[in-house]
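Residue-level structure breakdown
These are the residues of each chain, in order.
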Amino acid sequence: MGDLNNDPIKLDRSAKIYVAGYRGLVGSAITAALRRLGFSNLLLPPRSLLDLTDQSAVESFFAAEKPAYVILAAAKVGGIHANNTYPAEFIATNLQIQTNVIHSAYRNGVVKLLFLGSSCIYPKFAPQPIPESALLTGSLEPTNEWYAVAKIAGIKMCQAYRIQYNFDAISAMPTNLYGPNDNFHPDNSHVLPALMRRFHEAKVLGSKEVVVWGSGAPLREFLHVDDLADAVLFLMEKYSGLGHVNVGSGKEVTIRELAELVKEVVGFEGNIVWDGSKPDGTPRKLMDSSLLAGLGWTPKVSLRDGLVDTYKWYLENAKR
Ligand SMILES: NC(=O)C1=CN([C@@H]2O[C@H](COP(=O)(O)OP(=O)(O)OC[C@H]3O[C@@H](n4cnc5c(N)ncnc54)[C@H](OP(=O)(O)O)[C@@H]3O)[C@@H](O)[C@H]2O)C=CC1
Ligand SMILES: C[C@H]1O[C@H](OP(=O)(O)OP(=O)(O)OC[C@H]2O[C@@H](n3cnc4c(=O)[nH]c(N)nc43)[C@H](O)[C@@H]2O)[C@@H](O)[C@@H](O)C1=O
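Along each chain, the written sequence defines residue order, and numbers are assigned to residues from 1. Chain letters and ligand numbers both follow the written order, the letters beginning at A and the numbers at 1. Owing to the predicted nature of the model, reporting of local features is limited to residues with pLDDT of at least 70; listing and counting of side-chain atom pairs is limited to 80 or more, with chain, interface and lining totals taken over all residues. The side-chain numbers reported here are obtained from all heavy atoms of the structure, hydrogens and water having been left aside.

Per an unreviewed UniProt entry, the chain goes by the name GDP-L-fucose synthase and belongs to Escallonia herrerae. UniProt positions are given in the numbering used here, feature names are shortened, and annotations may be inferred rather than shown by experiment. Entered under Pathway (unreviewed entry) in the UniProt record, the comment concerning the chain runs "Nucleotide-sugar biosynthesis; GDP-L-fucose biosynthesis via de novo pathway; GDP-L-fucose from GDP-alpha-D-mannose: step 2/2." The record held by UniProt for the chain lists under Sequence similarities (unreviewed entry) the comment "Belongs to the NAD(P)-dependent epimerase/dehydratase family. Fucose synthase subfamily."

Structure follows, in structure tokens:
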């Protein structure tokens, strides 16, 4: 696993690149990075015109457009509460989207595809930092096992299509991400945007307290989405192995530390109250990203700078 079996490629700036999920946190950052690098032939159909759970629509799209490269950043995504509340949607929608896109990409001559998974594919009590080899060595975290099973199936599908059809499909496993265009829903989002919005609204309303879920003890590793976008394009050019590749910042904080940092960046001056009735989820999931580091990639954005950048974006763009 993790072996390199192709030479590095240089993506042709005029090649047709399909970014599935281009309006989301990850897809929008990848699209912006591609544009900055001079890619001019991006395929960006909105969900209203191409529902990726519709197998025949996906096949027709690929047959008509024949993209050269595909970055699969479309998925049903959410935080701990959403994963726990909508297990059927998390497993079924993700299996449908990834199966349709990977299969049609292969059938229609796509040169290379990158599939995005998540650090939640690893066992709840995996060794830390978590190496790629920890996959399928133990039980999953129950709050996100449905999503994780779909993502593991995506990794395996890329591997199977490489083995049987020689299709150049690779998989990247990002850690917890954040940045502009994140989902700031009060209940269904991830912790960082949820807290940013809650602290901001408390500041505006002059509230004395903000409630944060769980014990504050879990550790999480955060990566700014611009770093992820950079890593994705790096992997598209430099990696064509069978094994999936971890993408992390290498830095972890407790949820308590994160809450204090978000509070400071937003400028909320009241107290934090912990709601112990909410789940903590997995206690720790620091990724071992040494495979990617060994290929020559390093992250650039610190958590504090990333939070400042994201809060600026939130103030300018989020619906209030
Ligand atoms: N956010 C995170 O912390 C992490 C994310 N990832 C992975 O990164 C990828 C992208 O996640 P992220 O950007 O956060 O998610 P978002 O929810 O921000 O974006 C998901 C995108 O997928 C699109 N989409 C969803 N369902 C469909 C559908 N049926 N047809 C067409 N498009 C659809 C959405 O379209 P629309 O805009 O119309 O809703 C949206 O553009 C996912 O694979 C996720 O697992 C991995 C680790 C951490
Ligand atoms: C990226 C990753 O994201 C999910 O896993 P998670 O890391 O557990 O994600 P989370 O960001 O929702 O929570 C992190 C921690 O933070 C605590 N927490 C405090 N207060 C709030 C809060 O207000 N909202 C949320 N969502 N969490 C909160 C929360 O209780 C937990 O201890 C999965 O969807 C998984 O599938 C996945 O891929």
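1. Observations concerning the packing of helix 2 (residues 55-65) against helix 4 (residues 87-107)
Axis angles are defined between N-to-C directions and span 0 to 180 degrees, where every axis is a line fitted to C-alpha atoms and, for a helix, only to the segment in contact. Counting from the N terminus, the helices are DSSP H or I runs at least four residues long and the strands are E runs at least two residues long. Running from N to C, helix 2 and helix 4 cross one another at 35°; their axes reach a closest spacing of 9 Å. Both helix 2 and helix 4 take part in a crossing whose hand is right-handed. Of the residues in helix 4, those in contact with Gln55, Val58, Glu59 and Phe62 of helix 2 are Asn100, Val101, Ser104, Ala105 and Arg107. In terms of residue class, the contact of helix 2 with helix 4 is built from 4 nonpolar, 3 polar and 2 charged. By the definition used in this description, the sense in which the near helix is turned from the far one sets the handedness, with an anticlockwise turn below a right angle giving left-handed and a clockwise turn giving right-handed. Throughout, a contact is declared for two residues whenever any of their heavy atoms are within 4.5 Å. Only Asp, Glu, Lys and Arg are considered charged in this grouping, and only Ala, Val, Leu, Ile, Met, Phe, Trp, Tyr, Cys and Pro are considered nonpolar; every other residue, Gly among them, is considered polar.

2. Examining the site of ligand 1
Proximity is defined per residue: if any heavy atom of the residue lies within 4 Å of a molecule or strand, that residue is considered near it. Near ligand 1 lie 25 residues; those nearest to it are Leu25, Val26, Arg47, Tyr147 and Lys151. Polar contact is defined as a pair of N or O atoms within 3.5 Å, subject to the rule that within protein one atom must be able to donate a hydrogen and the other to accept it, and that residues adjacent in sequence are counted only when both atoms are side-chain atoms. Between Gly24 and ligand 1, the recorded distance is 3.2 Å, taken from a backbone N or O atom to an oxygen atom. The contact in question runs from a nitrogen atom of ligand 1 to an N or O atom on the backbone of Leu52, over 2.9 Å. Under the convention used here, a 1.4 Å probe and the Shrake-Rupley method define accessible areas, while residue burial counts only the protein chains that appear. Coverage of ligand 1 by the protein amounts to 87% of the 890 Å² it exposes when considered alone. Secondary-structure elements contributing two or more residues to the shell around ligand 1 are helix 1 (25-36), helix 5 (145-165) and strand 6 (176-178). Along the lines of polarity and charge, the residues of the shell around ligand 1 split into 13 nonpolar, 8 polar and 4 charged.

3. Things to note about the site of ligand 2
The environment of ligand 2 is formed by 23 residues, the closest being Gly78, Asn83, Ser118, Arg198 and Asp280. One nitrogen or oxygen atom from the side chain of Arg220 is found 2.7 Å from an oxygen atom belonging to ligand 2. For ligand 2, whose accessible area on its own is 690 Å², the fraction buried by protein is 97%. Within the residue set of the shell around ligand 2, elements represented by two or more residues are helix 3 (80-85), helix 6 (191-205) and strand 7 (209-213). No other element matches helix 6, which puts 4 residues into the shell around ligand 2.

4. Focus: the nonpolar core
Membership of the largest hydrophobic core comes to 37 residues, with the highest contact counts inside it found for Val26, Ile30, Leu235 and Val247. Residue assignment for this core shows that the elements contributing at least two residues are strand 1 (17-20), helix 1, strand 3 (69-72), strand 4 (112-116), strand 5 (169-174), helix 7 (225-238) and strand 9 (245-247). Counting residues per element, this core draws most heavily on helix 7, which supplies 9 residues. Once residues within four sequence positions are removed from consideration, Val26 is found in contact with Ala73, Leu116, Leu177, Val225 and Leu228. In these notes, a set of buried Ala, Val, Leu, Ile, Met, Phe, Trp, Tyr and Cys residues joined through side-chain atoms within 4.5 Å is what counts as a nonpolar core. The cut-offs for exposure are 20% and 50% of the maximum accessible area for each residue type, with area from a 1.4 Å probe on protein chains only; residues under the lower value are buried, those over the upper are exposed, and the others partly exposed. Residues Leu50, Phe61, Phe62 and Met157 belong to the second largest nonpolar core, which totals 33 residues.

5. Notes on unusual backbone geometry
Going from Gln128 to Pro129, the amide bond is cis rather than trans, its omega being -10°. Structurally, Pro129 is set in the loop between strand 4 and helix 5. Even without being a glycine, Lys66 presents a positive backbone phi close to 45°. Among the residues examined, Lys66 registers a relative accessible area of 45% and is labelled partly exposed. The phi dihedral of Asn181 is positive, around 70°, even though this residue is not glycine. Checked against the element boundaries, Asn181 lands in the loop between strand 6 and helix 6.

6. Thoughts on helix 1
Between the first and last residue of a helix there are one fewer steps than residues, each counted as 1.5 Å, and that sum is the expected span. Across its 12 residues, helix 1 extends 17 Å between first and last C-alpha, which sits within 8% of the 16 Å expected from 1.5 Å per residue. Burial analysis of helix 1 places 9 of its 12 residues in the buried class, the great majority of the element. Along helix 1, the residues classified as buried are Leu25, Val26, Gly27, Ser28, Ala29, Ile30, Thr31, Ala33 and Leu34. Contact partners of the buried residues in helix 1: strand 1, strand 2 (42-43), strand 3, strand 4, strand 6 and helix 7. Once helix 1 ends, the next one or two residues include Gly38, with phi positive near 95°.

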